[in-house]
Protein chains: 2
Amino acid sequence: MQLHKRDVVDAATTLLDTYGIADLTMRRLARELDVSPGALYWHFANKQQLLGAVADRILESIGDVSAGWQNRVAGICGRLRDALLSHTDGAELVSASFAAGQSEAMSRILARLTDAAADAGVDPTHAELAARTVVYYVLGFTADEQSRLQWDAAGAELPDGQSVIADDANGRFRFGLRLLVDGIAAQSDSVVGGRD
Amino acid sequence: MQLHKRDVVDAATTLLDTYGIADLTMRRLARELDVSPGALYWHFANKQQLLGAVADRILESIGDVSAGWQNRVAGICGRLRDALLSHTDGAELVSASFAAGQSEAMSRILARLTDAAADAGVDPTHAELAARTVVYYVLGFTADEQSRLQWDAAGAELPDGQSVIADDANGRFRFGLRLLVDGIAAQSDSVVGGRD
């Protein structure tokens, strides 16, 4: 029976959602699919490539946002957070894939945020750095939120104030985005030109 | 022979630096110290507490910074990044401990950044959120940088543009900090009051 790449990514995503990223190994995945590990390496040269494909699956529903640059930043980041929270260890997996440059979906998101920063007036050499600052915030915020959600779900006792059950995570997330949007606006050509 | 808590943290930090966070387990640590796992649980109720103690060790050299609020933010964040980069998987370990609320050193750093945001004029209910936005940036930036540094060191082939060898990481880090500092300044009482 032929093993399709899409089936491998399906099985890997199910494994992630059920057991978490620590159990998402090539060996375990081969066992789930009832194939030899070698059959997986025909589709993915290494585990990083597999994780990148799972990251792209997690992020596939994030389309483009049509709006002014501020609302584009907020819209893209909100969808990114929602997608990460929809899968066990989603933030950790996508962060690792982003760092390894293995997620095409994250490259597209970074490009859209870079366009938004450029539209805000940030000069071309700095627009991608501004976009990366936003991405690190979203990944960091969501990894933190997701860790606590998963510990809460597992019934772990966390120190006071660490539980997210009664926490206005949406409001906290938006505040950070507003801070970043204001920071991007302040990097617009005229301001940077006046200070450098 | 009595097992001191400090010796356990020493051994755990050495294990981290030599083999990375994946090999930092209670079982492995007990073997290194030639004690039973039970002897470790006398000092640490669980692995999260142990990781928190290692995080505090990594961050112990980060003292206070005396300067205006902008330079305090830049100074604290620069030292935090340096400390994380000084240990294998330092950013990943400290991020996990921060999310679990297990690192006293991270709580202190967050408090100092919160003070800086308050000094910038951010109202008390938002000052900690501003500080967290900065912390997520530093942890996210450094985790990304460290992943790439460690892959480079391991001789891994990364896609074009992902290697940090020829990369001005210091300049990129400072740009993001400047954006955040400008964003914090824009959240000062008068501005927020005018928009809410």
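The rules behind the values
- Residues numbered from 1 in each chain as written.
- Chains lettered and ligands numbered in written order.
- Predicted model: local features only at pLDDT ≥ 70, side-chain atom pairs only at ≥ 80, totals over all residues.
- Helix = DSSP H or I, 4+ residues; strand = E, 2+ residues; numbered from the N terminus.
- Buried ≥ 20, exposed ≤ 12 C-beta atoms within 10 Å, placed from the backbone.
- Contact = placed C-beta atoms within 7 Å.
- Core = buried A, V, L, I, M, F, W, Y, C linked by C-beta atoms within 7 Å.
- Domains from an automatic or database assignment.
- Expected span 1.5 Å × (residues − 1).
- pLDDT = per-residue confidence, 0-100.
- Axes fitted to C-alpha atoms, helices over the stretch in contact; angles between N-to-C directions.
- Parallel < 35°, antiparallel > 145°, perpendicular 65-115°, else oblique.
- Left-handed = near helix turned anticlockwise from the far one by under 90°.
- Nonpolar A, V, L, I, M, F, W, Y, C, P; charged D, E, K, R; others polar.
- Least-squares fit on C-alpha atoms with pLDDT ≥ 70 in both.

Undergrad: I would appreciate a short explanation of the overall build of chain A in the present structure.
TA: The number of helices and strands found in chain A is ten helices and zero strands. Going from the N terminus to the C terminus, chain A shows its helices and strands as α-α-α-α-α-α-α-α-α-α. Here chain A, with 196 residues, has 43% of them falling under the buried criterion. Partitioning the contacts of chain A with sequence separation of at least 6, the portion at a separation of at least 24 is 65%.

Undergrad: Explanation requested: the interface of chain A and chain B in the structure shown.
TA: Many analyses report the size of an interface as the accessible area lost when the parts associate. Contacts between the two partners involve 31 residues from chain A and, on the opposite side, 30 residues from chain B. Of all the secondary-structure elements, those providing two or more residues to the side of chain A that touches chain B are helix 6 (90-99), helix 8 (124-153) and helix 9 (169-186) of chain A. Here the element with the most residues in the side of chain A that touches chain B is helix 8 of chain A; it accounts for 13 residues.

Undergrad: Is there a simple way to explain the nonpolar core in this structure?
TA: Taken as a class, soluble globular proteins show a tendency for nonpolar side chains to be buried jointly. Counting 111 residues, the largest nonpolar core has Val94 and Val134 of chain A together with Val94 and Val134 of chain B as its most contacted members. The residues touching valine 134 of chain B, leaving out its near neighbours within four places in the chain, are Val73, Cys77, Leu113 and Leu180 of chain B.

Undergrad: Got a minute to help me understand the domain arrangement of chain A in this structure?
TA: Residues and elements named next belong to chain A. Annotation of chain A at the domain level lists domain 1 (5-56) and domain 2 (63-191). With centres defined by C-alpha atoms, the gap from domain 1 to domain 2 works out at 26 Å. Opposite the eleven residues of domain 1 that make contact, domain 2 presents 14 residues. Secondary structure elements with two or more residues in the side of domain 1 that touches domain 2: helix 1 (5-19) and helix 4 (47-59). Of the residues forming the side of domain 1 that touches domain 2, the biggest block, seven residues, is contributed by helix 4.

Undergrad: Can you walk me through helix 9 of chain A in this structure?
TA: At 3.6 residues per turn, the α-helix brings residues three or four places apart onto the same side. Taking 1.5 Å as the rise per residue, helix 9 of chain A with 18 residues should run 26 Å; its terminal C-alpha atoms sit 26 Å apart, in good agreement. Of the residues making up helix 9 of chain A, those classed as buried are Phe173, Phe175, Gly176, Leu177, Arg178, Leu179, Leu180, Val181, Asp182, Gly183, Ile184 and Ala186 of chain A.

Undergrad: Whenever I open this one, the confidence of the model for chain A confuses me. Can you help?
TA: Do not read the fine detail of predicted coordinates wherever pLDDT is low. Residues and elements named next belong to chain A. On average, residues of chain A carry a pLDDT of 89, and 90% of them reach 70 or more. Mean pLDDT per element in chain A: helix 10 (residues 189-195) is the minimum at 48, and helix 5 (residues 69-85) is the maximum at 97. Note that residues 192-196 has pLDDT below 50 and, in this model, two contacts with residues that lie over four places away or in other chains. We note a pTM of 0.86 for the whole complex and an ipTM of 0.83 for its interfaces.

Undergrad: Looking at this model, I keep getting lost on the packing of helix 7 (residues 104-119) of chain A against helix 8 of chain A. Mind explaining?
TA: In helix packing, the relevant descriptors are the interaxial angle and the interaxial distance, both defined with respect to the helix axes. All names here are of chain A. Interaxial distance between helix 7 and helix 8 falls to 8 Å at its minimum, and their mutual angle equals 125°. Between helix 7 and helix 8, the interaxial angle falls into the category oblique. The crossing of helix 7 and helix 8 is right-handed. Together, Leu110, Leu113, Thr114, Ala117 and Ala118 of helix 7 and Pro124, Ala127, Glu128, Ala130, Ala131, Arg132, Val134 and Val135 of helix 8 make up the contact between the two elements. Of the residues that constitute the contact of helix 7 with helix 8, the class distribution is ten nonpolar, one polar and two charged.

Undergrad: What is the right way to read the relation of the copies chain A and chain B from this model?
TA: In this structure, two copies of a chain are linked by a rotation about an axis accompanied by a shift along it. Rotating chain A by 180° about the axis while translating it 0.0 Å along that axis superimposes it on chain B, leaving an RMSD of 0.0 Å. Taken together, these values place the two copies in the relation of a two-fold axis. Across chain A, the rotation axis passes nearest the C-alpha of glycine 183 of chain A, at a separation of 1.9 Å. When the interface residues of chain A are mapped onto chain B, 97% of them again fall at the interface, so both copies present the same face.

Undergrad: How should I be thinking about the packing of helix 6 of chain A against helix 8 of chain A in this particular structure?
TA: Residue and element names in this part refer to chain A. Close contact between helix 6 and helix 8 brings their axes to 8 Å; oriented N to C, the two are set at 150°. Judged by the sense of rotation from one axis to the other, the crossing of helix 6 with helix 8 is left-handed. For the pair helix 6 and helix 8, contact is made by Gly90, Ala91, Glu92, Val94, Ser95 and Phe98 and by Leu139, Thr142, Ala143 and Gln146, respectively. Residues that form the contact of helix 6 with helix 8 fall into these classes: five nonpolar, four polar and one charged.

Undergrad: Explanation requested: unusual backbone geometry in the structure shown.
TA: Excluding glycine, most residues fall at negative phi; most peptide bonds, likewise, are trans. Residues and elements named next belong to chain A. One non-glycine residue, aspartate 34, lies in the positive phi region at around 60°. Take aspartate 34: it is sitting in the loop between helix 2 (26-33) and helix 3 (37-41). Phi at aspartate 89 takes a positive value of approximately 55°, unusual for a residue other than glycine. Secondary-structure assignment places aspartate 89 in the loop between helix 5 and helix 6.

Undergrad: For this particular structure, what's the right way to read the environment of serine 36 of chain B?
TA: Residues and elements named next belong to chain B. Among the secondary structure elements, serine 36 is positioned in the loop between helix 2 (26-33) and helix 3 (37-41). Take serine 36: there are 10 C-beta atoms within 10 Å of it, and that puts it in the exposed class. Between the C-alpha atoms of serine 36 and glutamine 150, which are 114 residues apart in sequence, the distance is 32 Å.

Undergrad: How should I be thinking about the environment of tyrosine 137 of chain B in this particular structure?
TA: Considering the arrangement of structural elements, one finds tyrosine 137 of chain B in helix 8 (residues 124-153). The exposure class of tyrosine 137 of chain B is buried, given the 27 C-beta atoms found within 10 Å. Considered as a pair, tyrosine 137 of chain B and glycine 38 of chain B are 99 residues apart in the sequence and their alpha carbons are 38 Å apart. Contact partners of tyrosine 137 of chain B, with chain neighbours within four places excluded, come to Thr133, Tyr136, Tyr137 and Gly140 of chain A together with Gly176 and Leu180 of chain B.

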